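Chain and residue survey
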Amino acid sequence: MRVDGREVPVRGSLLPPLSRRTGDIVRVLLATVAVITVVAASVITRSQWAALEQSISDIVTVLPTNVANLVYLIYGVVIVTLPFWILVGVVATRQWRLLAGYVAAGLIALIALSITQSGVVFPTWDLEEFAPDRLDSFSSQFLDDPRWIAMLAAIQTVASPWLPRKWRRAWWTLLLAFVPIHLVVSAVVPARSMFGLVVGWLVGAVVVWVVGTPALEVPLESVVRELGRHGYHATALTVIRPAGQGPTMLAAACPPRPDVIVELYGQHQRSRSALQQVWRWLTFRSSENVALFGSMRRTVEHRALMSVAADRIGLCAHEPIALNQLERGWQLLIRSQSRGRTLDGVGGAEVDLHDIWQNVNRLHDYQISHGDLRATEIRLDGSRVQFDNFAWAELGPTPALKSSDHAQLLLTTAHVAGPERAVAAAVDMVGKEAVIAASGRLTRSALPTRIRKRVPDAAKLMKAVRTEAQRVTDTESIRVAHVTRFSRNQIIQLVLIIALVYVAYPTLIEAPTFVSELRAANWWWVLLGIVVSALTYIGAAAALWACAMEQIRFRDLVWLAFANTFAATTTPAGVGGLALSVRFLQTGGLGAARATAAVALQQGVQVVTHVFLLIVFSFFAGRSTDFSHVVPSTTVLLLIAGVLLGVIGTVLLVPRLRRWVREGVGRQARDLLVEFAELGRDPVRAGLIVGGCAAKTLGAAAVLWATVHAFAGDASFLTCAIVTMIGGTLASAAPTPGGVGAVEAALIGGLTALGLDSQIAVPAVLLYRVITCWAPVLIGWPILRKLQRDDRV
């Protein structure tokens, strides 16, 4: 590299690791939102837009015809020649990678908007078309064609990162000028042109995301000049680390001082840092947050200032030299090379952990929290302990930030010297209470990812440190610190609730009619249904209690049965309830294999009992009842059988699936058969499990029978039992949470097919679902939250 007449060699590669840059991802998301907004505005609110355009035409003064045509012609010529200007500039500068993106973006945008119902219809632009009496005849071909606007937007989006800021702003201003041009010419902005603009932007953003941006082209010439301005005349640059999640790091040989380190922060770090700060502000409690910075310069400046503050008390491993801003938004930080060896480069036996804790306490005494106590950021220079990387440091920290430093140091020192030495040194230097508080932060949410990634098998080590801290401090249990505003489980539950409300919307529409019909119901029958429904949860708890070999308290399993209603109803096929049961049994003391086997045994007995009762009831019903309307047709059954045979054939043909069935499903099936065999030798336990499972099936039938009679229906118990077992089973395969919509349709259809009047079947089924589904969900939600607070699930 030649800078100001002298040669400065650059050693190493500046090519960044393969990763999706944050700014490119944000651009794609914004373009997608813009497309959705324009489509919604032009299709859904077309009448409102027409009224708005009429209002604008009353306000904006339209130019006279001759002047309007002249403006239209001049602007059209500029728009037509704009892509050729860009093309000439790309070829002249020999940016062949940009040329490939240029061509790809233009063709994709053109083809995307040329697809119609009759196929691909390419534009027929006639550059020779010109009418003396209509000067705008030439321009209208392009200004009113969304394909041309889309091409321009896509090309400019791809070219923008490579262009100087002035050119980029001028060209985008020129393209967006078609909006005011239309206003002064015709007072109408074609919706097609706006659609072409946002589609072109989206296409260009996707191309830039795939190809990459030149923001990673490091301004090395400016770096050398800036070093010279501060008295450091670089003779060579060596790449220590290319830009990735962190800054670009270079070592500059500047005689007589060869230990100058250059850090460069580009657009990727700026956008990534902004998103990280916003995400932490949204998800973490205020006591866990540091101040939000308005720009990347403020972020780098904060790091430099914190390094200066730590250097004044002798705890910074490097010396900040200069901070400056370069072209294209790059931020430059010049510092000395870090002194000493990193903690992970020193053997655990050589480290005096007390010295590290003492210097962390000194930082806290001077009102500085470090926030990034990885082994690579702790340096040992002889007997001195110093720290690197003050990007996450904070002046005047909250007690939570200090406790976070303790937790980070506990994990780091445990990785280097073992949990016993780490906890012992921490107790000696900060006391038992601080260690207990820090141990509560050794969790996935409380400990930053950058800390956990530096430690192999961090989850296992965090658990070992908590156990050791609990033993040393003589504490019965260490309460996990709650550092987030909301957890991942809460987000999932919120999404499930929204999905549940969405699929239940058709039922909610019938609520006013149902409420009026409910006033005429016989409330003694309703009360009977409620009591029977409550007994089914006791039966389910009894079955699981026996499956778990009576190792879990029966009362706790009753609470679990109610909590399961929320987890099972808000997930398709009730898988959430199964996972919740396994987790509850594990926290209750059962091993993972034993808990899974207990839940599998309960479900297996439930299926066998359900099928057996269905056969028995169908036999007793005899020929007096026609079930042809309830049972699927032969065509549907053959289709289901064909799908099952196809699945079986696929499993047999694909080796990986065969192995999965043999090793996974096969092993679980064998374990289930062993459990069934043991039940045969324990009739009391078997009777309790079968009775609990039967109570669940028969209880559902009894609740439906009670709700039918509550509205003066005359359906028999056998009819209600068969309808709930056949219709409910078929509808449970529906992908909606809790089978909402499908269950109601199946039960109403089954009752009406068996002769019950629809005016009774509809409110009876809705009341049945309120008793067995919606009311238990409302009860199960707070119970589930309590179990989560108690760390039972």
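Re the overall build of the chain
Scanning the chain from terminus to terminus reveals 31 helices and 15 strands. Buried positions account for 45% of the 793 residues belonging to the chain. A separation threshold of at least 6 residues defines the contact pool for the chain, and within that pool the share at least 24 residues apart is 72%. With the model as given, the accessible surface of the chain reaches about 40,200 Å², and the carbon-plus-sulfur share is 64%.

Some thoughts on the confidence of the model for the chain
Confidence in the prediction of the chain, expressed as mean pLDDT, is 77, and 73% of residues score 70 or more. Mean pLDDT values over the elements of the chain span from 56, in helix H20 (residues 505-509), up to 93, in strand E12 (residues 368-369). Confidence over residues 129-135 falls short of pLDDT 50; this stretch has ten contacts with residues more than four positions distant or in other chains.

A word on the packing of helix H13 (residues 353-365) against helix H14 (residues 399-417)
Between H13 and H14, whose axes approach to 11 Å, the crossing angle comes to 165 degrees. One way to sum up the angle between H13 and H14 is to call them roughly antiparallel. Regarding H13 and H14, the two cross each other, and that crossing is right-handed. Between H13 and H14, the contacting residues are Leu-353, Ile-356, Trp-357, Val-360, Asn-361 and His-364 on the first element and Lys-402, Asp-405, His-406, Leu-409, Leu-410, Thr-413 and Ala-417 on the second.

Some points on the sheet that holds strand E11 (residues 341-342)
The antiparallel open sheet is built from three strands, whose spatial order is E11-E13-E14. A single partner strand is all that each edge strand has here, and the edge strands are E11 and strand E14 (384-387). Across four bridges, strand E13 (residues 378-381) lies against E14 in antiparallel orientation. Across the sheet, the residue bridging to Ile-378 is Phe-387, located in E14.

Some words on the packing of aromatic side chains
By the definition in use, this model includes five aromatic pairs. Measuring from centroid to centroid gives 4.6 Å for Tyr-537 and Phe-562, while their planes differ by 20 degrees, and the two rings are stacked. With Tyr-537 in helix H22 (residues 523-547) and Phe-562 in helix H23 (residues 554-569), this residue pair connects regions lying 25 residues apart in the sequence. For the residue pair Tyr-537 and Phe-562, the accessibility class agrees, reading buried in each case. Both rings, one in Trp-705 and one in Phe-717, keep their centres 6.2 Å apart while their planes meet at 85 degrees; by these two values the pair is edge-to-face.

A word on H13
In a regular helix each residue adds 1.5 Å, so 13 residues correspond to 18 Å; H13 covers 18 Å between its end C-alpha atoms and thus fits that length. Of the positions making up H13, those classed as buried are Leu-353, Ile-356, Trp-357, Asn-359, Val-360, Asn-361, Leu-363 and His-364. Looking at the buried side of H13, the elements it contacts are E12, E13, E14, H14 and helix H15 (419-430). Its side-chain oxygen 3.1 Å from the backbone nitrogen of His-354, Asp-352 forms the N-cap of H13. The first or second residue beyond H13 is Gln-367, which carries a positive phi of 60 degrees.

Some words on the nonpolar core
One finds Leu-343, Val-351, Ile-356, Ile-378, Phe-387, Phe-390 and Leu-411 to be the most contacted residues of the largest nonpolar core, which totals 46 residues. For this core, the secondary-structure elements that each account for two or more residues are helix H12 (296-312), H13, E13, E14, H14, H15, helix H16 (432-439) and helix H18 (458-472). Ranked by residue count, the leading element in this core is H14, at seven residues. Within the second largest apolar cluster, 32 residues are counted, among which are Ala-546, Ile-552, Cys-693 and Val-777.

Some words on the pairing of E13
Across two bridges, E11 lies against E13 in antiparallel orientation. Residue pairing in the sheet places Arg-341 in a bridge with Leu-380 of E13. Where E13 folds back onto E14 in an antiparallel hairpin, the turn is made up of two residues, including Gly-382, whose phi is positive at roughly 70 degrees.

Here's the deal with the sheet that holds strand E10 (residues 331-336)
Two strands in a sheet stick together by hydrogen bonds in their backbones, pointing the same way (parallel) or opposite ways (antiparallel). Taken in spatial order, the six strands line up as E3-E6-E7-E8-E10-E9 in an open sheet, and their pairing is mixed. In the strand order of this sheet, the two ends are held by strand E3 (10-11) and strand E9 (320-325), each with one partner. Inspection of the sheet shows strand E7 (residues 248-254) paired to strand E8 (residues 257-265) by six bridges, in the antiparallel sense. The residue bridging Cys-254 from the neighbouring strand is Arg-257, located in E8. Contacting E3, strand E6 (236-241), E7, E8, E9 and E10, helix H10 (residues 220-229) runs over the sheet at an angle of about 130 degrees to E8.

Topic: the environment of Ser-286
Take Ser-286: it is sitting in the loop between helix H11 (267-283) and H12. When the C-alpha atoms of Ser-286 and Val-483 are compared, they prove to be 9.0 Å apart, with 197 residues separating the residues in sequence.

Regarding the pattern of salt bridges
This structure, assessed with the given rule, holds eleven salt bridges. Here Asp-344 makes a salt bridge to Arg-454, at a shortest N to O gap of 3.6 Å. One end of the pair, Asp-344, is in the loop between E11 and H13; the other, Arg-454, is in the loop between helix H17 (449-452) and H18, with 110 residues separating them in the sequence. With relative accessibility at 39%, the residue Asp-344 sits in the partly exposed group. Residue Arg-454 is classed as partly exposed on the basis of its relative accessible area of 44%. The shortest N-O distance in the salt bridge between Glu-468 and Arg-471 comes to 2.5 Å. With a gap of three residues between them, Glu-468 and Arg-471 both fall in helix H18, about one helical turn apart. Owing to a relative accessible area of 10%, Glu-468 belongs among the buried residues under this scheme. Here Arg-471 falls in the exposed class, since its relative accessible area comes to 55%.

A word on the pairing of E8
Two faces, one strand: in a regular strand the side chains alternate between the faces of the sheet. A loop of two residues connects E7 with E8, the two strands running antiparallel in sequence. The pairing of E8 with E10 spans six bridges and is antiparallel. For Val-262, the partnering residue across the bridge sits in E10 and is Ile-334.

Structural notes on the packing of H22 against helix H28 (residues 683-710)
With their axes 8 Å apart at the nearest point, H22 and H28 run at an angle of 165 degrees to one another. Comparing the axis directions of H22 and H28 gives the class roughly antiparallel. Classified by chirality, the crossing of H28 by H22 is left-handed. Considered class by class, the residues forming the contact of H22 with H28 number 20 nonpolar, seven polar and two charged.

Quick word on the environment of Gly-687
Relative to the helices and strands, Gly-687 is located in helix H28. In the structure, Gly-687 is positioned 141 residues away from Ala-546 in sequence and 9.4 Å away in space, judged by C-alpha atoms.

Considering a nonpolar patch on the surface
On the surface, a cluster of nonpolar side chains totalling about 700 Å² of accessible area is made up of Trp-524, Leu-527, Ile-530, Val-531, Leu-535, Ile-538 and Phe-554. It is H22 that provides the largest number of residues to the nonpolar patch, a total of six residues. Within the element layout of this structure, Leu-527 appears in helix H22.

Here's the deal with the side chain of Asn-361
Take Asn-361: it is sitting in helix H13. Among the residues examined, Asn-361 registers a relative accessible area of 17% and is labelled buried. Setting aside anything within four residues of it in sequence, one finds Asn-361 in contact with His-406, Met-429 and Val-430.

Rules and cut-offs
- Residues numbered from 1 in each chain as written.
- Predicted model: local features only at pLDDT ≥ 70, side-chain atom pairs only at ≥ 80, totals over all residues.
- Heavy atoms only, no water.
- Helix = DSSP H or I, 4+ residues; strand = E, 2+ residues; numbered from the N terminus.
- Buried < 20%, exposed > 50% of the residue type's maximum accessible area, 1.4 Å probe, protein only.
- Contact = heavy atoms within 4.5 Å.
- Areas by Shrake-Rupley, 256 points an atom, 1.4 Å probe, with all protein chains shown as cover.
- pLDDT = per-residue confidence, 0-100.
- Axes fitted to C-alpha atoms, helices over the stretch in contact; angles between N-to-C directions.
- Parallel < 35°, antiparallel > 145°, perpendicular 65-115°, else oblique.
- Left-handed = near helix turned anticlockwise from the far one by under 90°.
- Pairing = 2+ DSSP bridges.
- Phe/Tyr/Trp six-rings, centres within 6.5 Å; stacked < 30°, edge-to-face > 60°.
- Expected span 1.5 Å × (residues − 1).
- Polar contact = N/O pair within 3.5 Å; in protein donor to acceptor, adjacent residues only side chain to side chain.
- Core = buried A, V, L, I, M, F, W, Y, C linked by side-chain atoms within 4.5 Å.
- Salt bridge = Lys/Arg side-chain N within 4 Å of Asp/Glu carboxyl O.
- Nonpolar A, V, L, I, M, F, W, Y, C, P; charged D, E, K, R; others polar.
- Patch = residues over 30% accessible without salt bridge, like charges linked within 9 Å, V, L, I, M, F, W, Y side chains within 5 Å.

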